[in-house]
Structures are given as C-alpha cells and as structure tokens.
Amino acid sequence: MDKKIVIPIIILVLVGLGIFSWLYRGALFPEKLKEEKAYKVAVVLLGGAYQEAVDGMVDEFENLGYIGGENIFYYIKDTQGDQGAIIPATQELLQENPDLFYTVSTPVTTRVWKAVGTEMPIVFNIVGDPIGAGFAKSFSSSGTNLTGCSNLSAGLSGKRLEIFKEAFPLLKKVVTFYDPTNEFSQLSIVNTREAAPKLGIEVAEVHVATIDDLNKALAALKLGQYDGIYLTPDAMVISKVELVVERAKELGLPVMGHEESLAEKGVTITYGANFYKLGVQAAPIVYKVLKGEKPQNIPIQGPRELDTVINLRVARESGLTISPQILGKADRVIE
Amino acid sequence: MFSFFNKFKDFFQKKPGELVLAGMILIGLALISFYFTLFLFSLSDIEEGVASVHLEIAQKTKSKIEGILDENVKALNDLAQILDVSKEKKIIIDRFLKERKAFTQIAVLDNQGWEILKSSRALVFAPEDLRDFFWSETFVTPMEGEIYLSRVYFSEKSEPLLTISLPIKSSPGQISGVLSAEFSLQEIWNTVAEIEVGASGQVYLVDAQGYLIAHPNIDLVLKKINLLKRRAVEEVIIEKKIVKGLGKEEEYFNEKGEKVYAVGLPFEETGWGVFIEEPIKDAWVTYRRIRNLGLISILATITLFLILFFNIRTLIKTSQGLKKSKVALEESKVTLEIKVEARTRELKELAEGLDEKVKEKTKELQERIGELEKFQKLTVGRELKMVTLKEEIEKLKKELEKSKGRPN
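No experiment lies behind these values; they were computed from the predicted model shown.

What counts, and at which threshold
Residues numbered from 1 in each chain as written. Chains lettered and ligands numbered in written order. Predicted model: local features only at pLDDT ≥ 70, side-chain atom pairs only at ≥ 80, totals over all residues. Heavy atoms only, no water. Helix = DSSP H or I, 4+ residues; strand = E, 2+ residues; numbered from the N terminus. Contact = heavy atoms within 4.5 Å. Buried < 20%, exposed > 50% of the residue type's maximum accessible area, 1.4 Å probe, protein only. Areas by Shrake-Rupley, 256 points an atom, 1.4 Å probe, with all protein chains shown as cover. Patch = residues over 30% accessible without salt bridge, like charges linked within 9 Å, V, L, I, M, F, W, Y side chains within 5 Å. Salt bridge = Lys/Arg side-chain N within 4 Å of Asp/Glu carboxyl O. Pairing = 2+ DSSP bridges. Buried area = accessible area lost by both parts, 1.4 Å probe. Polar contact = N/O pair within 3.5 Å; in protein donor to acceptor, adjacent residues only side chain to side chain. Nonpolar A, V, L, I, M, F, W, Y, C, P; charged D, E, K, R; others polar. Axes fitted to C-alpha atoms, helices over the stretch in contact; angles between N-to-C directions. Parallel < 35°, antiparallel > 145°, perpendicular 65-115°, else oblique. Left-handed = near helix turned anticlockwise from the far one by under 90°. pLDDT = per-residue confidence, 0-100. Arc of directions from axis to C-beta.

Participant: How should the overall build of chain A be read in this particular structure?
Facilitator: Assigned secondary structure in chain A consists of 14 helices and 12 strands. Expressed as a percentage of contacts within chain A between residues at least 6 apart in sequence, the contacts between residues at least 24 apart total 71%.

Participant: Can you help me understand the overall build of chain B in this one?
Facilitator: From N to C terminus, chain B includes 9 helices and 11 strands. In chain B, buried positions account for 35% of the 408 residues. Taking the contacts inside chain B whose residues are at least 6 apart along the sequence as the reference set, 53% of them involve residues at least 24 apart. In the form shown here, chain B has an accessible surface area of approximately 25500 Å², with 59% of it arising from carbon and sulfur atoms.

Participant: What should I look at first to understand a nonpolar patch on the surface in this one?
Facilitator: On the surface, a nonpolar cluster with roughly 410 Å² of combined accessible area is contributed by I7(A), I11(A), V15(A), I19(A) and L299(B). By residue number, the principal contributor to the nonpolar patch is helix α1 (residues 3-23) of chain A, which donates 4 residues.

Participant: Quick question: what am I supposed to make of the sheet that holds strand β7 (residues 202-206) of chain B here?
Facilitator: Strands pair in a sheet through their backbones, by hydrogen bonds, and they do so in one of two ways: parallel or antiparallel. Residue and element names in this part refer to chain B. With antiparallel pairing, the 5 strands of this open sheet are ordered in space as β8-β7-β11-β10-β9. The open sheet has two free edges, formed respectively by β8 (212-214) and β9 (252-253), since each of these has just one partner strand. The pairing of β9 with strand β10 (residues 259-266) spans 2 bridges and is antiparallel. Bridge assignment links F253 to a residue of β10, and that residue is K259.

Participant: Sorry, what's going on with the pairing of strand β2 (residues 115-120) of chain B here?
Facilitator: Along any regular strand, the residues point their side chains to alternate faces of the sheet. All names here are of chain B. Along β2, 5 of the 6 residues are buried, which leaves the element largely enclosed by surrounding structure. Where strand β1 (residues 103-110) and β2 come together, 5 bridges link them in antiparallel fashion. Residue pairing in the sheet places Q105 in a bridge with S120 of β2. Hairpin remark: β1 followed by β2, antiparallel, with 4 residues in the connecting loop; positive phi at G113, about 90 degrees.

Participant: How should the interface of chain B and chain A be read in this particular structure?
Facilitator: Contact with chain B, which involves 33 residues of that partner, is made by 36 residues of chain A. Interface of chain B and chain A: buried area, both sides summed, is about 3000 Å²; carbon and sulfur atoms make up 62% of it. Taken as a group, V124(B), K157(B) and D219(B) account for 19% of the area that chain B buries against chain A, more than any other trio of residues on that side. The shortest N-O distance in the salt bridge between D94(B) and K329(A) comes to 3.1 Å. Counting the contacts that link chain B with chain A gives 8 residue pairs in polar contact (both at pLDDT 80 or more). For the side of chain B that touches chain A, the element with the most residues is helix α9 (residues 285-404) of chain B, which contributes 10 residues. By residue class, the composition of the side of chain B that touches chain A is 13 nonpolar, 8 polar and 12 charged.

Participant: Can you walk me through the packing of helix α4 (residues 86-94) of chain A against helix α5 (residues 106-116) of chain A in this structure?
Facilitator: Helix-helix packing is described using two parameters, namely the angle between the two axes and the distance between the axes. Residues and elements named next belong to chain A. Between α4 and α5, the least distance of the axes is 9 Å, while the angle of their chain directions is 50 degrees. Looking at the two axes, α4 sits oblique to α5. Taken as a pair, α4 and α5 cross one another with a handedness that is right-handed. Contacts between α4 and α5 involve I86, I87, T90 and L94 on the former and, on the latter, P107, V108, R111, V112, K114, A115 and V116.

Participant: Where do I start with the pattern of salt bridges in this structure?
Facilitator: Pairing is possible between side chains that carry opposite charge, provided their charged atoms lie close to one another. All names here are of chain B. Evaluation of the coordinates by the stated rule reveals 35 salt bridges over all chains. Between E268 and K62 there is a salt bridge, and its shortest N-O distance comes to 3.0 Å. One end of the pair, E268, is in the loop between β10 and β11 (273-279); the other, K62, is in helix α2 (residues 16-85), with 206 residues separating them in the sequence. A relative accessible area of 7% means that K62 is categorised as buried.

Participant: How should the confidence of the model for chain A be read in this particular structure?
Facilitator: Where the model shows low pLDDT, its predicted coordinates should not be examined in detail. With 93% of its residues at a pLDDT of at least 70, chain A reaches an overall mean of 89. By mean pLDDT, the top-scoring element of chain A is strand β8 (residues 228-230) of chain A (97), and the lowest-scoring one is helix α2 (residues 25-28) of chain A (50).

Participant: Looking at this structure, how should I read helix α3 (residues 89-99) of chain B?
Facilitator: One turn of the α-helix equals 3.6 residues, which is why residues spaced by three or four share an orientation. Residues I93(B), D94(B), F96(B) and L97(B) constitute the buried set of α3(B). Projected down its long axis, α3(B) shows its buried positions confined to an angular sector of 160 degrees, all on one face.

Participant: Is there a simple way to think about the sheet that holds strand β2 (residues 72-78) of chain A in this case?
Facilitator: All names here are of chain A. Strands sit in the order β2-β1-β3-β4-β5 across an open sheet of 5 strands; the sheet is parallel. Two strands bound the open sheet, and with one partner strand each, they are β2 and β5 (146-150). Averaged over all pairs of adjacent strands, the angle between their axes in this sheet comes to 20 degrees, without regard to strand direction. Inspection of the sheet shows strand β1 (residues 39-45) paired to β2 by 7 bridges, in the parallel sense. Within the sheet, the bridge partner assigned to L45 lies in β2 and is D78. Sitting on the sheet, α5 is in contact with β1, β3 (100-104), β4 (122-127) and β5, with an inclination near 160 degrees to β4.

Structure (structure tokens):
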C-alpha cells in the first residue's frame, strides 16, 4: 500500500486504542491499593464503668477492620478514679505522638484539653453536657478541637430523680455525693435541684473531693437518715461505685444511677445511655478524625437510646420493693 | 428488470470505482441510520432503565418511610382512644413511651388547648410547666378532626423532630381534647442508612422546607443543611415533580465533592422528598461501557472501511492501469503486425525482383566475363609480347654497354 495511506490509518488505529485505553483505564490500570498508616489513639479514662465506652469503641473499630496492635495502636491510661493523675498521664501519652485523644467523662476531657491545647484533636465520650462544660459552642459544630458523644446525663438528672420516685413512691429524702470541683457534677446537680421540688424530694448534697472523702462520707451515713442514694454522674464517685453499693446494701437503701453497667455492679435502678453503645457510636467519629476531618466539622451526637435497667436481685437482697409500674417500664431487669 | 440490472451491471463494470463508492455510501448510511435509530434509542432505553431502577429504590424508601409514619400515627391514634376513657393516663403514656422509642415526649391537651399532662424521656414536668396551645396548629388542626404533622424542627441537640397531634374523641364526632407527640426521626434515619444503592450511592430525605432530615451520614443532618439550591431538590420539594435525573441541570456536586446523578420523589402528605443519588461515574458505568463499545465499534468499522476503500482504490487503479496497458499492447501489436506485413510484403517484392535482377546481372556478368575473357586473351598476348620486348631491350642495353666500354 501507499505510505500516504498507511500512516493515517496507523494514526487512526493508535488514536482509537488511546481512546479505548483511556475509557477503560480503570480496568487496564487498576489503582494501586493505598497503604494506610497505623493510627495511634491515646485513651484516658478514670476506669470503672467508663471502661465500657472504651470497649465499645475498640470493638466497633475491629468491625471496621482496625485491629489493635496491627493497624491501630491504643495507648490507654486508666487513672482508676484519680483525677490528679490525668494531666501527667496525658503528658506521657503525648510522647507517643498520637493522632488523637479519646477521653471518657467530663473531668478527663477538661484536663486532657488543658494539657494538649487547641491543636490536638480530642474525641470525648460520656460527657453529660458538652456545651455547659465549654467543650463546644453547639451540638452541630463545636468550634473547637473537640467533638464526640454526649450521654446527656446532666439533662437527664431530673428525669432520673422522677424515675427513682416512681420506683420508690415513698422516697422523700435522698443523698448524693459529688466533687464540687468537677464542672460537670455542678451542671448535673443544678438539674437535680430544679427537679427535686417538683417531685417533692429533698436532696442532700455531700461534697467529696477524693476517694477517701467518699469513704468517710459513706461511713457517716446513718440508718433511716435518707430514703435512698442518688448518684450524681461524678466521674470520681462513679469510678468507685462499688463502695456506694456496699454501703447502701448495709443500710437497705436503693441507689439510682445513670448507666446500665452500674446496675450490673449492684446499683438498684439506672436510667440513661448505655456506655458501651455510646462507645460504639463514638467509633465513626474517631474514624473520621483519624482520616483527617476537623473535629469542629463533626457534630456532637447524643445517645440514640435511653434505657431503664433494674437490678431486682439487689433490691430483694436489700429488702426493697420496686413499684410494678416501673418494672413494667424497664428495658432490662437483672434477676 | 433484467435490462435495468444489465445496464446497472454494465455501468459498474465500466466504472468499478463508482461501484465501490456507491457501496461505501450505502453502508455508511446504514451505519449512520443504525447509530441514530437503534443504537441511540438503545442508549436512551438504558438511561431510562437506570432511572427506573433508582426510582424504584426511591419508591420503596418512600413506602417504608410512609409506613413508619403511618404506623406511628396509628399507634398514637390508638393511644388517644384509650386515654379518653382511662384515668391512668400517665402510666399508659409512660408505657407507650417505653414501647415506642420514636416518641420522645407526649402531651395531652384539653378542649381549650391547655396541656393537662406531659411526659418526656428526658424532662420532668410540674403543673407550672404546662402551656397553652389554643392558637397553635398543634391544637387547632386536630380539633377540626384532622391529623396534624408539623414541619421538621431540630432540638437543641440538633436532633430532627416532628410533632404529630390528633384528636381525642370521647364519642364519634365528639372531640374532647388533643394528643400531641414529639416524634424523633431516628427510625427513619436508620431506614435511610440501611438502604444500599449500588457501590457508592445513597438515599436522603429532605423536608418541605428543603432541610436535610435523614442521610446515611448523620453529621450532615445535624448540621441542618438546606438543599433547595440543588435543582433536583427544588423540582421535587417546590414543584412537586418526580425527578428522573436525566437532565444535566439536575446533576450536582454532593458533600464529598462528587458529581452525582439523582432521582427524587415527592411525599404527598408531608411535602418531603426522597432522593437517591449516585456518583455519575458509578451510576452510568454500564451505559458508558455500552456507549463506548458502540463508539469504538463504529470507529473500528470506519477504520476498516478506510483501509478497504484505499485497498480497493489501489486495486482499481492497478486494474485500470493494466487495462490501459493491455489496450496499448493490443494497439502496438496491431501496428507491429501491419508493419511486419508491409515489411514482409516489401521483402517478398524485393525477393521477387531480385531473381530477375540476378538473372540480369548474371547475364550481364556473363557478358562481362566474356568481354573480360576476350580482353584477357588480348592482354595476355600483349603481355607476352611485352615480356619479349623487354628481354630484347635488355639484350640491346647490354650490348650497348659493352660497346661503350671498349677502347677506341
């Protein structure tokens, strides 16, 4: 054939092949799988029931394909109720160059934020009132380097007292223990104080700054002095709830708490968000932050479910009678 | 018929180039008509098919959401019937709240619009917390015997909520009060999140004001985004149209920055809209494959056509050259034959004349030979005489010499 014809035909065929390979480039040249870096998550908690929120998050991450020690590393500091140990623990964790901090409870979040500053992302959980605690300007956008899940326990304080009254209609006077330096406990107690007169209940507030204080305060309780113990969601008190449960049993008093795992530890009745479920709920938030999203762009989430859990076994052991109405409303009864 | 065929045959036998050209034009026209009729129509059918699949998902989602709303409205209506006759209103309402997690708060209003009872999952209400709703649609609409569904609003925790209120009837036609409930869209969120649309598609729900109220990415809902600026959303929410997503103007960039294709369906009662969106690169993958394969086939056919055309043209040219050469050869042959014939004839004639000339020449030669013979005879005699004379001369010369050499 004539060269003048062959060349355009070859060009045409090459152009055709070029178009074809461009159109099917995905099939011809599949993108190389990106190798993800192993993430580092620093976790700070006060221990006790708060461990549930860590377990939920870790388990959900496993479901997402992130296995601890393989493609994600957790550096966990459990201060076992010691709030003074939070800042040193945080500073120690900073040496590991974590990608973010996962903090459980209001006092932990407050101290970790203070230690890490405004650059390091923090995903909090089991924070009763993130706006009241100053962690966020609104639920839709924090405006800070923090985001996470709230158990709304501060807002539910009044409701818990109402349910406590429904369960034990003869309830007139209850005692509560909290650390007055805990900002969240202060927010929570305000709601309790507002609800108490509406329900015809008198709430005695006992300040406890340390575990020792708590032990002493519990020891000082006298038979017949109160009709029940109402647990203000104070991180220090909650981390040592077994002390409260033990003393309540001795005095034959019902105890009202804010989370299911507390009922498993002997609290008579709880109403609120499940810590483990909140941990599961927080995992996608942690994931987004690890992937580079700014915390202020991720809305804070509240609990999707509020459960009433009754420990009937403990109630019976303490010689308590729970009203059938509240038993009918319970989401779970531990027998 | 045969004469036409023969004429046709003759014409193209004479002009094969035109035959090829005509053939190619016909095939080209056939290809073009195929492209504009069958192929384009097929592509259009595929487009419609893609839209139908998405619309079906939208329809199913819409049915599910309407089902959730209907079921909860029915449950609330059943509660309203029990409440009227029961004195244990609080216990019944609390039990209802326990069983129906979608409701966060319930209030009972008397026939003057005053709240007489209120129960919530989170709050404690004292008598002083109860309010008057006389002028509110929450009260007015149910008092006219109808069910009231509010627009979607957000709690201070950014959770989307809806108020549903309906009449409490003491007897048929007799409305004694209103049951008003705060309904969380959580169950609808879950429903929307569970629906799968291909590998990367998603479903979302927009309220009558254009606000996003359900999306697989809850963060977007919590940010209270208004989506009316999307043409597809505007058509569904404002114009109450079904959007098939086939128009370019209905495409948009979603929150991930992906250019997406979307279909949408309006809800008749609530004014909401459900949308199915999928990145264009994924939504039209089958369509594009077929279209591209079609285009590649057409391109390949054209390429083959061109190769064929150039080959045939070369063949025709060669054939025409050969034909011309043949004609030239034939013409040369005839000329040569004529020339050879003429030459032969000439030679023949020459040959014939030569015999006579040979005879003549022979005769002439014989005569000449005769003459020469005669001449020779004469010449030879003369020669002999000459030789004799020369000898006599020499003899005389010698005698003379001798005479001169003697003394006198």
